[in-house]
Amino acid sequence: MKHLSIELSETAVRFSVVENGMTKSYNYTFTDKKDYRYKEQLDEFLVDSGLKNEEFDEQTISWSSKRTTLIPANIFGESKPESIFKLCYGDQIPSNHIDYNRIPEHGMVNIYEIPLWVKSFFVIRYPRSIIQHEGSHLLRGIFAENAFKLKTTLVVYDHHVLLSIVKENKLEFYSVFDFNENEDIIYHTLFTLQQKGLNKESGTLQICPGVGSSEEKINELHTKFSAFADLKSSTILVNSDLIIKSQQLCV
């Protein structure tokens, strides 16, 4: 089985070919962020990397955006995704940029923003591809493992981070926030754990590099988290493959 896993944001993309337990990744950072130029850059990259002519049994795409909200499935059934999204983020996003993923195994729906160029590009080139928000993949991946003990997950980009906290097989927290320095991430994370009464509990804190993120920044974040007394009984690690592995759960 040959699986193509694509991690995509407004700033970068990573194509990962997963076959026989081995993963080979190809990374590209966008230089021009106009909709039509995204498509041109992706086409050029697929040719240059040699991926354009490869065949795959499965293709999955993880789209990262800052505007994402989780709601219970029963509330979703009583409303429209556009109405819920605009209640959270206002009217500045066109309705055709709003999509959602059902996560039925956990009774949740993820409503999020995704620009039209993403679907128009990938559906044409990979008609059988499954496109979902990164948060949807992330939660499946977290709950597919042991989610009874406290687990805090950070997916870190250069200027935003997705933070989720699970315990006893329940989602305790899920949100995306902007940051300037690593200290902002540490503050938000420790403050949230404190507000939840979880800051003294042992568990796991995993830092997942978002596509295009700085390796130096990720390593520095790991070092700084490891120095906090509140986390001395926790396992702190960098997990670079979580999103790739999580994508394989939705095919």
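Bringing the nonpolar core into the picture now. Ranked by internal contacts, the top residues of the largest apolar core, which has 24 residues, are Ile 6, Leu 8, Phe 15, Leu 42, Phe 122 and Tyr 126. Of all the elements in the fold, those that place two or more residues in this core are strand E1 (2–8), strand E2 (12–19), helix H1 (35–49), strand E4 (58–63) and helix H4 (116–125). If near-sequence neighbours (up to four positions away) are discounted, Ile 6 is found in contact with Val 13, Arg 14, Phe 15, Thr 60, Ile 61, Ser 62, Phe 122, Tyr 126 and Gln 247. Judged by nonpolar contacts, the second largest core, of 20 residues, contains Val 161, Phe 177, Leu 198 and Phe 225.

Within this structure, the stated rule accounts for 11 aromatic pairs. Summarising the aromatic geometry, the rings of Phe 30 and Tyr 38 are spaced 4.8 Å apart at their centres and angled 85° between planes, so their arrangement reads as edge-to-face. Each member of the pair, Phe 30 together with Tyr 38, is buried. Aromatic side chains Phe 85 and Tyr 89 sit 4.9 Å apart centroid to centroid with 45° between the ring planes, which places their arrangement in the tilted category. With Phe 85 and Tyr 89 both in helix H3 (residues 81–89) and 4 residues apart, this pair spans about one turn of that helix. Taking relative accessible area as the criterion, Tyr 89 reaches 25% and is therefore assigned partly exposed. Linked through ring pairs, Phe 15, Tyr 28, Phe 30, Tyr 38, Phe 45, Trp 63 and Trp 117 together constitute an aromatic cluster.

Our focus in this paragraph is the pattern of salt bridges. One pass over the structure, following the stated rule, counts 14 salt bridges. A salt bridge links Asp 43 to Arg 125, with the nearest nitrogen and oxygen atoms 3.0 Å apart. Of this pair, Asp 43 sits in helix H1 while Arg 125 sits in helix H4, placing them 82 residues apart in sequence. Judged by relative accessible area, Asp 43 falls into the partly exposed class, the value being 24%.

To continue, consider the sheet that holds strand E10 (residues 160–167). The mixed open sheet is built from 5 strands, whose spatial order is E11-E10-E9-E12-E13. Strands at the two margins of the open sheet, each flanked by one partner only, are strand E11 (170–178) and strand E13 (235–238). In this sheet, neighbouring strand axes are inclined to one another by 15° on average, regardless of whether the strands run parallel or antiparallel. Pairing analysis gives 8 bridges linking E10 to E11, with the strands arranged antiparallel. Paired with Val 161 across the strands is Phe 177, a residue of E11. Against the sheet, helix H5 (residues 134–144) contacts strand E9 (150–156), E10, E11 and strand E12 (203–209), and its axis sits at roughly 30° relative to E10.

Turning next to the sheet that holds strand E3 (residues 22–29). Strand order in this open sheet of 5 strands is E3-E2-E1-E4-E8, and the pairing throughout is mixed. With one partner strand each, in any of the chains shown, E3 and strand E8 (130–133) form the two edges of the open sheet. Averaged over all adjacent pairs, the angle separating strand axes in this sheet is 15°, with direction ignored. Bridging between E2 and E3 involves 8 bridges; their strand directions are antiparallel. Along E3, the bridge assignment pairs Val 13 with Tyr 28. H5 contacts E4 and E8 of the sheet and is inclined by roughly 85° relative to E8.

A few words now on H5. For H5, the tally of buried residues reaches 10 of 11 residues, placing the bulk of the element in the interior. All buried positions along H5 are accounted for by Glu 134, Gly 135, Ser 136, His 137, Leu 138, Leu 139, Arg 140, Gly 141, Ile 142 and Phe 143.

Scoring rules and cut-offs
- Residues numbered from 1 in each chain as written.
- Predicted model: local features only at pLDDT ≥ 70, side-chain atom pairs only at ≥ 80, totals over all residues.
- Heavy atoms only, no water.
- Core = buried A, V, L, I, M, F, W, Y, C linked by side-chain atoms within 4.5 Å.
- Buried < 20%, exposed > 50% of the residue type's maximum accessible area, 1.4 Å probe, protein only.
- Helix = DSSP H or I, 4+ residues; strand = E, 2+ residues; numbered from the N terminus.
- Contact = heavy atoms within 4.5 Å.
- Phe/Tyr/Trp six-rings, centres within 6.5 Å; stacked < 30°, edge-to-face > 60°.
- Salt bridge = Lys/Arg side-chain N within 4 Å of Asp/Glu carboxyl O.
- Pairing = 2+ DSSP bridges.
- Axes fitted to C-alpha atoms, helices over the stretch in contact; angles between N-to-C directions.

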